[in-house]
Structures are given as structure tokens and as C-alpha cells.
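Listed below are the residues making up each chain.
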Amino acid sequence: RADQEESCGYDCLLGADWDMVGYDKAPLLKPTIDVSLPKEANYIAEKGGQHQLNIGPQSVTISCPDTKFYDPALQQQTSVQVKCGPEKYRLTVTTESGATLGEKFKNDQFGCDPCPSSYSYVPGFLSSGDFSSNGIFYDVKTVQDCKILCEESCVCQTFDYSKQQSRCQLIKELITKPSFSSSIGDYVLCAKAEDEEGLSCGINSKTRCFASALPPAAYNCQLPDFN
């Protein structure tokens, strides 16, 4: 862990199962960790899903499959390359294009934002009378799929998503302050970032109940009354 500075038989430890920076502010998602092959001599072992390394050239890919990293120091990247060192218990992080983000990262900075790129997490939930729905979609497997549905609608500024329920609700208003500050279950509110407003949109949900960009089947959906 990042706060363990004593000698542990390795110089760096990478994992996804401990509290990451921001866990007390948002329901962070776990990153995926992939060790580049062939493994270098400074890679020690994987134990219980945790990767032990000494300082050296071994590269490890850490990614947020459906969203982006939550820590601002990672500049909303979705995937980075990580190496142990040059200091013990510190990590050098570069983008997929090779730009160096820093050499002093700790292993608790890789939590994934609950909302995808171009959207901001809004803590809390809405009461039904405080927003205008643009449709509720079911069988939506990921938050990224919910984002695509929102962007296909010309009047969606926020969406409400539950992975456990596979439920995606599109909301017309740009929500910045929800009705209640606490959340319900695993529902997350994701609002378009201000610099993303005004982007071109796809086919409105009034005329279509599914996103053809997401094969193989249409989503089950419940549309609002447009009359």
C-alpha cells in the first residue's frame, strides 16, 4: 500500500483492491492491471492479485475500461504505462502516447471515475419531480453504453446509471446539484462537462429505442410521453 514505507521484499506493489485516492468522494471503479510480456528481471511475482516489482524497466498497463482515472494528476487518461522507480515505493507514469505524467506517483492513485470521459460525477440522487426524463433503457451493460445512448439523444445532458440493474435513464437537464446529497445503491449521476455542451448529437430517443452502435440487440426501453 502507498503508506507502507518499511522494507517489504519489493520496491513497488500494484493492485486494485485497496482504497484509492477519492474513494471518500465517489464510488470509484477498480482498474485493470496487465503486465507487459516478456517479463523483465525486476518483476518479482503476483500474489493475491497484487504485483510485486523492484525498480527497473518492467512496464505495466493500468486501465479504466469504461471510464477514466479519477485522480486529477492522471489528467483524465483512460490507460497509462507504469514502471517502478526511480525511487522506492514510487512509480513513473506515462501516457499511451509516451508523455511522462510524473515519477512520484503512489499506488493508490489509480482509481477509476464512476463516469466516462467528457462527463462529471455528481454525488447524490434526484427525486422524480426535479428533472425531465428522456427515456429509461434496460439491459445496458456498462456506463459507457449509457453514455452513448445519452449522446445519441439531442436533449440529454445528464444520465443516471446502475450497473447492478443494467438501467440507464437519460435526463434533459444539466444536473449540478441533485435533490439529495446521498446516493442510492450503485446508481451514479453523470453530467456532461461544460466544455462538451453544444456538440452534435445523434438520433433522438423519440424516434429510436436503441443504439445501433451497440450490437447485437436493441435495448429494452421506456420512453417518455412526448405529447
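Just so it is clear, the structure is predicted and the values come from calculations on it, not from any experiment.

Considering the sheet that holds strand 1 (residues 12–14)
Then, in step 1: Spatial ordering of the open sheet is given by 1-4-3, a layout of three strands whose pairing is antiparallel. Edge positions in the open sheet fall to strand 1 and strand 3 (43–47), since each of these has one partner strand only. On average, each strand axis in the sheet is inclined to that of its neighbour by 20 degrees, with strand direction left out of account.
Then, in step 2: Taken together, the four bridges between strand 3 and strand 4 (residues 50–53) define a ladder with antiparallel strand orientation. Bridge pairing in strand 4 places Ala45 opposite Gln52.

Remarks on the packing of aromatic side chains
Then, in step 1: What the rule picks out here adds up to three aromatic pairs.
Then, in step 2: Ring centres of Phe69 and Phe110 lie 6.1 Å apart, and the angle between their planes is 75 degrees; on these two criteria the pair is classed as edge-to-face. Placement of the pair is Phe69 in the loop between strand 5 (60–63) and strand 6 (79–84) and Phe110 in the loop between strand 8 (100–105) and strand 9 (119–122), with a sequence separation of 41 residues. Considered together, Phe69 and Phe110 belong to a single accessibility category, that of buried residues.
Then, in step 3: With a centroid separation of 5.2 Å and 50 degrees between ring planes, the pair formed by Tyr119 and Phe159 is classed as tilted. On the criterion of sequence distance, the pair formed by Tyr119 in strand 9 and Phe159 in strand 11 (residues 158–162) is long-range, its members being 40 residues apart. Accessibility classification places Tyr119 together with Phe159 in one group, the buried group.

How each quantity is defined
Residues numbered from 1 in each chain as written. Predicted model: local features only at pLDDT ≥ 70, side-chain atom pairs only at ≥ 80, totals over all residues. Heavy atoms only, no water. Pairing = 2+ DSSP bridges. Helix = DSSP H or I, 4+ residues; strand = E, 2+ residues; numbered from the N terminus. Axes fitted to C-alpha atoms, helices over the stretch in contact; angles between N-to-C directions. Phe/Tyr/Trp six-rings, centres within 6.5 Å; stacked < 30°, edge-to-face > 60°. Buried < 20%, exposed > 50% of the residue type's maximum accessible area, 1.4 Å probe, protein only.

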